[in-house]
Amino acid sequence: MTTDEKLQHFLDFCMEDSRARSAKMLDDCSAALDKDLEDYKADAKRRADMQIQMEKDKIKRDINKQLAVEQLKIRRDLSRKQEELKDMLFVELKNKLVNFMETSAYQQMLERQIRHAKEVAGEEALMVYLDPVDEDKLQRIALHMGGGADIRLSQYSFGGGMRAVIPSKNILIDNSFDSLIQEAKRHVSFHLTEKGGQGHD
(Lines give C-alpha, C1' and ligand atoms only; values in the text may rest on other atoms or scores of the structure.)
Protein backbone atom coordinates (compact mmCIF):
# COMPACT_ATOMS: atom_id res chain seq x y z
CA MET A 1 0.00 0.00 0.00
CA THR A 2 1.42 3.34 -1.01
CA THR A 3 1.76 6.32 1.28
CA ASP A 4 -1.10 8.11 -0.47
CA GLU A 5 -3.36 5.10 -0.04
CA LYS A 6 -2.45 4.92 3.64
CA LEU A 7 -3.21 8.61 4.07
CA GLN A 8 -6.52 8.22 2.26
CA HIS A 9 -7.42 5.20 4.40
CA PHE A 10 -6.53 7.12 7.58
CA LEU A 11 -8.59 10.11 6.36
CA ASP A 12 -11.61 7.89 5.60
CA PHE A 13 -11.32 6.28 9.03
CA CYS A 14 -11.15 9.63 10.76
CA MET A 15 -14.11 10.97 8.81
CA GLU A 16 -16.19 7.89 9.58
CA ASP A 17 -15.30 8.06 13.27
CA SER A 18 -16.08 11.77 13.35
CA ARG A 19 -19.47 11.20 11.66
CA ALA A 20 -20.30 8.39 14.11
CA ARG A 21 -19.38 10.51 17.15
CA SER A 22 -21.28 13.49 15.73
CA ALA A 23 -24.34 11.31 15.13
CA LYS A 24 -24.13 9.96 18.70
CA MET A 25 -23.74 13.45 20.14
CA LEU A 26 -26.70 14.62 18.06
CA ASP A 27 -28.81 11.66 19.24
CA ASP A 28 -27.82 12.30 22.87
CA CYS A 29 -28.59 15.99 22.56
CA SER A 30 -31.91 15.25 20.86
CA ALA A 31 -32.83 12.75 23.60
CA ALA A 32 -31.90 15.29 26.28
CA LEU A 33 -33.97 17.97 24.57
CA ASP A 34 -36.91 15.54 24.26
CA LYS A 35 -36.63 14.73 27.97
CA ASP A 36 -36.43 18.44 28.84
CA LEU A 37 -39.50 19.05 26.68
CA GLU A 38 -41.46 16.24 28.39
CA ASP A 39 -40.37 17.51 31.81
CA TYR A 40 -41.44 21.01 30.85
CA LYS A 41 -44.82 19.74 29.58
CA ALA A 42 -45.33 17.72 32.78
CA ASP A 43 -44.38 20.69 34.97
CA ALA A 44 -46.57 23.06 32.95
CA LYS A 45 -49.49 20.63 33.23
CA ARG A 46 -48.90 20.24 36.98
CA ARG A 47 -48.79 24.03 37.44
CA ALA A 48 -51.89 24.44 35.27
CA ASP A 49 -53.73 21.76 37.27
CA MET A 50 -52.71 23.47 40.51
CA GLN A 51 -53.92 26.82 39.20
CA ILE A 52 -57.22 25.30 38.09
CA GLN A 53 -57.68 23.62 41.49
CA MET A 54 -56.86 26.88 43.28
CA GLU A 55 -59.46 28.68 41.16
CA LYS A 56 -62.00 25.93 41.84
CA ASP A 57 -61.31 26.16 45.58
CA LYS A 58 -61.63 29.96 45.47
CA ILE A 59 -64.93 29.74 43.58
CA LYS A 60 -66.18 27.11 46.05
CA ARG A 61 -65.21 29.33 49.01
CA ASP A 62 -66.91 32.33 47.43
CA ILE A 63 -70.08 30.31 46.77
CA ASN A 64 -70.08 28.92 50.32
CA LYS A 65 -69.58 32.42 51.72
CA GLN A 66 -72.45 33.81 49.64
CA LEU A 67 -74.60 30.82 50.58
CA ALA A 68 -73.87 31.35 54.29
CA VAL A 69 -74.80 35.04 53.99
CA GLU A 70 -78.05 34.17 52.21
CA GLN A 71 -78.88 31.44 54.73
CA LEU A 72 -78.30 33.86 57.60
CA LYS A 73 -80.56 36.44 55.93
CA ILE A 74 -83.26 33.82 55.36
CA ARG A 75 -83.03 32.66 58.99
CA ARG A 76 -83.33 36.26 60.20
CA ASP A 77 -86.30 36.92 57.92
CA LEU A 78 -87.92 33.66 59.02
CA SER A 79 -87.31 34.44 62.69
CA ARG A 80 -88.78 37.92 62.29
CA LYS A 81 -91.82 36.51 60.48
CA GLN A 82 -92.29 33.87 63.17
CA GLU A 83 -92.22 36.56 65.85
CA GLU A 84 -94.82 38.54 63.92
CA LEU A 85 -97.01 35.45 63.62
CA LYS A 86 -96.53 34.66 67.30
CA ASP A 87 -97.52 38.21 68.25
CA MET A 88 -100.62 37.98 66.06
CA LEU A 89 -101.50 34.61 67.55
CA PHE A 90 -101.28 35.86 71.12
CA VAL A 91 -103.17 39.07 70.36
CA GLU A 92 -105.96 36.84 69.07
CA LEU A 93 -105.65 34.62 72.15
CA LYS A 94 -105.91 37.62 74.49
CA ASN A 95 -109.01 38.82 72.64
CA LYS A 96 -110.58 35.39 73.08
CA LEU A 97 -109.69 35.43 76.78
CA VAL A 98 -111.31 38.85 77.19
CA ASN A 99 -114.49 37.44 75.63
CA PHE A 100 -114.24 34.29 77.77
CA MET A 101 -114.00 36.41 80.94
CA GLU A 102 -117.50 37.72 80.23
CA THR A 103 -119.04 34.23 80.37
CA SER A 104 -120.35 32.16 83.28
CA ALA A 105 -117.82 29.47 82.32
CA TYR A 106 -115.06 31.85 83.41
CA GLN A 107 -116.54 32.26 86.88
CA GLN A 108 -116.95 28.48 87.13
CA MET A 109 -113.30 28.06 86.18
CA LEU A 110 -112.24 30.51 88.91
CA GLU A 111 -114.30 28.59 91.45
CA ARG A 112 -112.71 25.29 90.39
CA GLN A 113 -109.24 26.81 90.72
CA ILE A 114 -110.05 28.18 94.19
CA ARG A 115 -111.41 24.81 95.32
CA HIS A 116 -108.19 23.17 94.13
CA ALA A 117 -106.12 25.78 96.02
CA LYS A 118 -108.18 25.07 99.18
CA GLU A 119 -107.41 21.35 98.78
CA VAL A 120 -103.69 22.12 98.52
CA ALA A 121 -103.85 24.43 101.56
CA GLY A 122 -105.75 21.94 103.71
CA GLU A 123 -106.06 23.51 107.16
CA GLU A 124 -103.50 26.22 106.41
CA ALA A 125 -104.43 29.85 105.74
CA LEU A 126 -105.13 30.61 102.09
CA MET A 127 -105.21 33.99 100.37
CA VAL A 128 -106.80 34.13 96.93
CA TYR A 129 -106.30 37.09 94.61
CA LEU A 130 -108.60 37.96 91.72
CA ASP A 131 -107.72 40.36 88.96
CA PRO A 132 -109.07 43.91 89.50
CA VAL A 133 -111.22 43.51 86.36
CA ASP A 134 -113.11 40.74 88.19
CA GLU A 135 -114.33 43.05 90.97
CA ASP A 136 -117.94 42.38 89.92
CA LYS A 137 -117.43 38.63 90.51
CA LEU A 138 -115.74 38.87 93.91
CA GLN A 139 -118.85 38.72 96.14
CA ARG A 140 -120.54 35.94 94.15
CA ILE A 141 -117.41 33.81 94.19
CA ALA A 142 -116.84 34.43 97.92
CA LEU A 143 -120.44 33.32 98.61
CA HIS A 144 -120.11 30.19 96.48
CA MET A 145 -116.78 29.24 98.06
CA GLY A 146 -117.91 29.64 101.66
CA GLY A 147 -115.11 29.91 104.23
CA GLY A 148 -111.60 28.58 104.21
CA ALA A 149 -110.10 31.24 101.97
CA ASP A 150 -109.45 34.95 102.11
CA ILE A 151 -110.61 36.08 98.66
CA ARG A 152 -109.64 39.60 97.68
CA LEU A 153 -108.79 41.77 94.67
CA SER A 154 -105.15 42.10 93.69
CA GLN A 155 -103.62 45.57 93.57
CA TYR A 156 -102.05 44.62 90.24
CA SER A 157 -103.66 43.33 87.08
CA PHE A 158 -102.50 39.94 85.86
CA GLY A 159 -104.80 39.58 82.88
CA GLY A 160 -107.50 37.48 84.54
CA GLY A 161 -107.49 34.11 86.23
CA MET A 162 -106.43 33.83 89.87
CA ARG A 163 -103.45 33.64 92.14
CA ALA A 164 -103.36 32.01 95.55
CA VAL A 165 -100.81 32.09 98.34
CA ILE A 166 -100.37 29.62 101.20
CA PRO A 167 -97.97 31.59 103.44
CA SER A 168 -97.20 28.79 105.90
CA LYS A 169 -96.12 26.48 103.07
CA ASN A 170 -94.47 29.26 101.04
CA ILE A 171 -96.55 28.18 98.04
CA LEU A 172 -97.76 30.39 95.18
CA ILE A 173 -100.43 28.95 92.91
CA ASP A 174 -100.31 31.10 89.78
CA ASN A 175 -103.23 30.54 87.41
CA SER A 176 -103.14 34.10 86.08
CA PHE A 177 -103.73 34.46 82.38
CA ASP A 178 -100.57 36.60 82.03
CA SER A 179 -98.43 33.78 83.45
CA LEU A 180 -100.18 31.15 81.34
CA ILE A 181 -99.66 33.26 78.20
CA GLN A 182 -95.97 33.82 79.00
CA GLU A 183 -95.53 30.08 79.55
CA ALA A 184 -97.28 29.36 76.25
CA LYS A 185 -95.04 31.89 74.46
CA ARG A 186 -91.95 30.09 75.71
CA HIS A 187 -93.15 26.79 74.30
CA VAL A 188 -94.89 27.80 71.07
CA SER A 189 -92.83 27.19 67.94
CA PHE A 190 -93.40 27.25 64.21
CA HIS A 191 -92.18 24.74 61.67
CA LEU A 192 -92.31 24.49 57.88
CA THR A 193 -94.87 22.04 56.56
CA GLU A 194 -94.23 19.78 53.57
CA LYS A 195 -96.25 22.14 51.37
CA GLY A 196 -93.91 24.99 52.28
CA GLY A 197 -96.33 26.73 54.60
CA GLN A 198 -95.98 27.15 58.33
CA GLY A 199 -97.60 25.25 61.14
CA HIS A 200 -97.23 25.79 64.88
CA ASP A 201 -97.12 23.72 68.04
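One structure accompanies this document, and this report is about it. All of these numbers come straight from a predicted model, not from anything done at the bench.

1. Section: the overall build of the protein chain
- A tally of regular secondary structure across the protein chain gives 4 helices and 6 strands.
- Listing the helices and strands of the protein chain from first to last along the sequence gives α-α-β-α-β-β-β-α-β-β.
- Considered along the principal axes of its C-alpha atoms, the protein chain spans approximately 160 × 35 × 30 Å.
- In the protein chain, which comprises 201 residues, the share counted as buried stands at 19%.
- Excluding contacts between residues fewer than 6 apart, the proportion of contacts in the protein chain whose partners are at least 24 apart in sequence is 60%.
- Of the roughly 15,300 Å² of accessible surface on the protein chain, 57% is carried by carbon and sulfur atoms.
- Of the charged side chains in the protein chain, 33 are positive and 37 negative; the average position of the first set lies 4 Å away from that of the second.

2. Thoughts on the pairing of strand 4 (residues 171-176)
- As paired strands, strand 3 (residues 161-166) and strand 4 are joined by 6 bridges and run antiparallel to one another. Considered in strand 4, the bridge of Met162 is made with Asn175.
- Linking strand 3 back to strand 4 in an antiparallel pair, the connection comprises 4 residues, with Asn170 at a positive phi of about 55°.

3. Brief notes about the side chain of Gln113
- The topology assignment puts Gln113 in helix 2 (residues 104-121).
- Assessed through its relative accessible area of 15%, Gln113 is described here as buried.
- Ignoring any residue separated from it by four or fewer positions in sequence, one finds Gln113 in contact with Met162 and Asn175.

4. Concerning the pairing of strand 3
- Inspection of the sheet shows strand 1 (residues 127-130) paired to strand 3 by 4 bridges, in the antiparallel sense. Along strand 3, the bridge assignment pairs Met127 with Val165.

5. Describing the packing of helix 2 against helix 3 (residues 138-145)
- With their axes 11 Å apart at the nearest point, helix 2 and helix 3 run at an angle of 45° to one another. The orientation of helix 2 relative to helix 3 falls into the category oblique. Of the two elements, helix 2 crosses helix 3, and the hand of that crossing is right-handed. Every residue of helix 3 that contacts helix 2 at Gln107, Leu110, Glu111, Ile114, Arg115 and Lys118 is listed here: Arg140, Ile141, His144 and Met145.
- Classifying every residue of the contact of helix 2 with helix 3 by side-chain character gives 4 nonpolar, 2 polar and 4 charged.

6. Observations concerning the sheet that holds strand 4
- Strand order across the open sheet formed by 4 strands is 2-1-3-4, with mixed pairing between neighbours. Bordering the open sheet on either side are strand 2 (150-153) and strand 4, each of which pairs with just one other strand. This sheet shows a mean twist of 15° between the axes of neighbouring strands, independent of strand direction.
- Along the sheet, helix 3 makes contact with strand 1 and strand 2, crossing strand 2 at roughly 170°.

7. Quick look at the pattern of salt bridges
- The full count for this structure, using the stated rule, is 18 salt bridges.
- Two residues, Arg163 and Asp174, come together in a salt bridge whose shortest N-O distance is 3.1 Å. A residue pair is termed long-range when its members are at least 10 positions apart, and Arg163 in strand 3 and Asp174 in strand 4 qualify at 11 residues.
- In this structure Asp174 comes out as partly exposed when scored by relative accessible area, which is 28%.
- Via salt bridges that share partners, Asp43, Arg46 and Arg47 belong to a single interconnected network.

8. Focus: the layout of surface pockets
- Taken as a whole, the largest pocket holds about 150 Å³ of empty space.
- In terms of lining, the largest pocket is formed by Lys94, Leu97, Val98, Met101, Glu102, Val133, Asp134, Lys137, Gly159, Phe177, Asp178 and Ile181.
- Elements that contribute at least two residues to the lining of the largest pocket include exactly helix 1 (3-100) and helix 4 (177-187).
- Counted by class, the lining of the largest pocket contains 6 nonpolar, 1 polar and 5 charged residues.

Cut-offs used in this document
- Residue numbers here run from 1 along each chain, matching the order of that chain's written sequence.
- Residue-level local features of this predicted model are given only where pLDDT is at least 70; pairs of side-chain atoms are given and counted only at 80 or more, and the full residue set underlies all totals for whole chains, interfaces and linings.
- Note that the side-chain values use all heavy atoms of the structure and ignore hydrogens as well as water.
- A helix here means a DSSP run of H or I that spans at least four residues, while a strand means a run of E at least two residues long, and both kinds are numbered starting from the N terminus.
- Here the term buried applies to any residue with accessible area under 20% of the maximum for its type, exposed to any over 50%, and partly exposed to those in between, with areas from a 1.4 Å probe on protein chains only.
- Throughout, a residue-residue contact means that at least one pair of heavy atoms, one from each residue, lies within 4.5 Å.
- Using the Shrake-Rupley algorithm and a 1.4 Å probe, accessible areas are obtained, with residue cover drawn only from the displayed protein chains.
- The convention is simple: Lys and Arg are positive, Asp and Glu are negative, and His and the chain ends are not counted.
- Note on charges: their place is set at NZ of Lys, CZ of Arg, CG of Asp or CD of Glu.
- Paired strands are those between which DSSP finds at least two bridges.
- A fitted line through C-alpha atoms represents every axis, and for helices the fit uses only the stretch in contact; the resulting angles, taken between N-to-C directions, go from 0 to 180 degrees.
- Reported orientations rely on four angle classes, namely roughly parallel under 35 degrees, roughly antiparallel over 145, roughly perpendicular from 65 to 115, and oblique for the rest.
- Here a crossing is taken to be left-handed if its near helix is turned anticlockwise relative to the far helix by less than a right angle, and right-handed if that turn runs clockwise.
- Asp, Glu, Lys and Arg are counted as charged, while Ala, Val, Leu, Ile, Met, Phe, Trp, Tyr, Cys and Pro are counted as nonpolar; the rest, among them Gly, fall into the polar class.
- Only one rule defines a salt bridge in this text: a Lys or Arg side-chain nitrogen within 4 Å of an Asp or Glu carboxyl oxygen.
- Cavities and pockets were defined on a 1 Å grid built over protein atoms only: a cavity is a set of grid points that admits a 1.4 Å probe from which the probe cannot escape, a pocket is an open set flanked by protein on both sides within 12 Å along at least five of seven lines, and lining residues are those with an atom within 4 Å of any such point.
- Grid points are joined across faces, edges and corners, and a volume is the space filled by probe spheres set on the points.

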